[in-house]
Each structure stands twice: as structure tokens, then as C-alpha cells.
Amino acid sequence: MNIEQLRNICQNLPHVTEDIKWGQDLCFCVGEKMFCVTGLEGSMQVSLKVKDEEFDELSSSRDIIPAPYVARYKWVLVQNPNRFSKKEWEHYIRQSYQLVFDKLPAKVRKQLV
């Protein structure tokens, strides 16, 4: 997985916007809420939201930790881009997108659909 592959997966989801936040983080958003974040500097690491029931297992597995600052919202930080296969990346990115989309206010969701 590299940034271009990540960008491709994220941009193929509906209503996704891309932004640089904090000067060095590439953020993918839906309805102005982030669902996937990666740094533009250093080794590639990716943060994304996971299901509550997956959080403990994933965050205690190899190359994945609770995401700094947002772990309480069930976000993980994948420290090695080769940790997942392309299919797994697609699954977790889509899942993160859907989890964030589902929490958007009804008015915002309605505008996007």
C-alpha cells in the first residue's frame, strides 16, 4: 500500500473530499468528517475507524496500535502499510467510511445521497 493506492481507494467512495490538516496529514473526509488519515512525511502509517468489537483485537495485533488522540472513538493506527492485503485495506477503509457516514447528522446524510 502506498499513498496513491490509498488515495485511489478513498476517492472511489461517494462524496469523499481530501484535505491537508495540521500541515502534514492527508485526510479523507465524508460530510466534513475524517474517516482515513495518513502522514505525508516519514514512513506511511494510516489511521482509520473500526467497529467497536474489532478495536481491542486489532489494536493489540502486530503493527497496529490505538490511534493517538482518537483511540477513545475506536480509531486504530496501522503502522506498517504492508500489514493488510489490498482486499483487507479496501474492507477497512470502506468500513471506516461507512461508520463515519452513519454517524453524520441526518440532514448532512440526506444532502449527500
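Just so you know, the residues in each chain are numbered from 1, in the order the chain's sequence is written. Predicted model: local features are reported for residues with pLDDT of at least 70 only, side-chain atom pairs are reported and counted for 80 or more only, and whole-chain, interface and lining totals are derived from all residues. Derived side-chain values reflect all non-hydrogen atoms in the structure, with water molecules and hydrogen atoms excluded from consideration.

S.K.: Honestly, unusual backbone geometry in this entry has me stumped. Any pointers?
M.R.: Peptide bonds are mostly trans, and most non-glycine residues show a negative phi. Here the phi dihedral of D63 falls at roughly 65°; this positive angle occurs in a residue that is not glycine. Only DSSP runs of H or I with at least four residues qualify as helices, and only runs of E with at least two residues qualify as strands; both kinds are numbered from the N terminus onward. Following the sequence through the fold, D63 ends up in the loop between α2 (52-59) and β5 (64-66). Accessibility expressed as a relative area gives 25% for D63, which makes it partly exposed. Its identity is not glycine, yet K74 carries a phi of approximately 70°, on the positive side. Only protein chains enter the area calculation, which uses a 1.4 Å probe; residues under 20% of their type maximum are buried, those over 50% are exposed, and those in between are partly exposed.

S.K.: Looking at this structure, I do not really get the packing of helix α1 (residues 3-11) against helix α3 (residues 86-103). What am I missing?
M.R.: The description of two packed helices rests on the angle between their axes and on the distance between the axes. Throughout, an axis means a line fitted to C-alpha atoms (over the contacting stretch in the case of helices), and angles, computed between N-to-C directions, take values from 0 to 180 degrees. Interaxial distance between α1 and α3 falls to 10 Å at its minimum, and their mutual angle equals 45°. In this view, α1 runs oblique relative to α3, as classed from their interaxial angle. Every pair of crossing elements has a handedness; the one defined by α1 and α3 is right-handed. The residues of α3 that touch α1, namely those facing L6, I9 and C10, are W89, E90 and I93. Roughly parallel refers to an angle under 35 degrees, roughly antiparallel to one over 145, roughly perpendicular to one between 65 and 115, and oblique to any angle outside these ranges. Each helix crossing is assigned a hand: it is left-handed if the near helix lies turned anticlockwise from the far helix by less than a right angle, otherwise right-handed if that turn is clockwise. Note on definitions: a residue-residue contact is assigned when non-hydrogen atoms from the two residues lie within 4.5 Å.

S.K.: Looking at this structure, I do not really get the pattern of salt bridges. What am I missing?
M.R.: Pairing is possible between side chains that carry opposite charge, provided their charged atoms lie close to one another. Any carboxyl oxygen of Asp or Glu that lies within 4 Å of a side-chain nitrogen of Lys or Arg is treated as forming a salt bridge with it. Across all of its chains, the model carries 5 salt bridges by this definition. Between E4 and R7 there is a salt bridge, and its shortest N-O distance comes to 2.8 Å. With a gap of 3 residues between them, E4 and R7 both fall in helix α1, about one helical turn apart. R62 is the partner of D63 in a salt bridge, and the nearest nitrogen-oxygen pair spans 3.1 Å.

S.K.: Any chance you could explain the sheet that holds strand β4 (residues 46-49) here in plain terms?
M.R.: Strand-to-strand pairing in sheets goes through backbone hydrogen bonds, with the strands running parallel or antiparallel. Any two strands with at least two DSSP-identified bridges between them are counted as paired. Read from one edge to the other, the open sheet built from 6 strands follows the order β1-β2-β3-β4-β6-β5, with strand pairing classed as antiparallel. Each end of this open sheet is capped by a strand with a single partner; those strands are β1 (16-21) and β5. Here the strands of the sheet are splayed against their neighbours by 25° on average, with no regard to which way each runs. Here β1 runs beside strand β2 (residues 25-30); their pairing, made up of 6 bridges, is antiparallel. When the bridges of β2 are listed, V16 appears paired with V30.

S.K.: I keep staring at the environment of V70 and nothing clicks. Help me out?
M.R.: Inspection of the secondary structure assignment puts V70 in the loop between β5 and β6 (75-78). Taking the C-alpha atoms as reference points, V70 and K110, 40 residues apart in sequence, are found 26 Å from one another.

S.K.: Explain the nonpolar core here, please?
M.R.: Burial of nonpolar side chains together is a common tendency in soluble globular proteins. Remark: nonpolar core denotes a set of buried residues (Ala, Val, Leu, Ile, Met, Phe, Trp, Tyr, Cys) joined through side-chain atoms within 4.5 Å. One finds L6, F28, V30, F35, L48, W89 and I93 to be the most contacted residues of the largest nonpolar core, which totals 29 residues. C27, C29, V37 and A67 belong to the second largest nonpolar core, which has 6 residues in total.

S.K.: What am I meant to see in the side chain of S47 here?
M.R.: Locating S47 in the fold gives a position in strand β4. Looking at S47, the relative accessible area reads 13%, which means it is buried. Look past the residues within four positions of S47 in its chain and what remains in contact with it is F35, C36, V37, A67, W75, V76 and L77.

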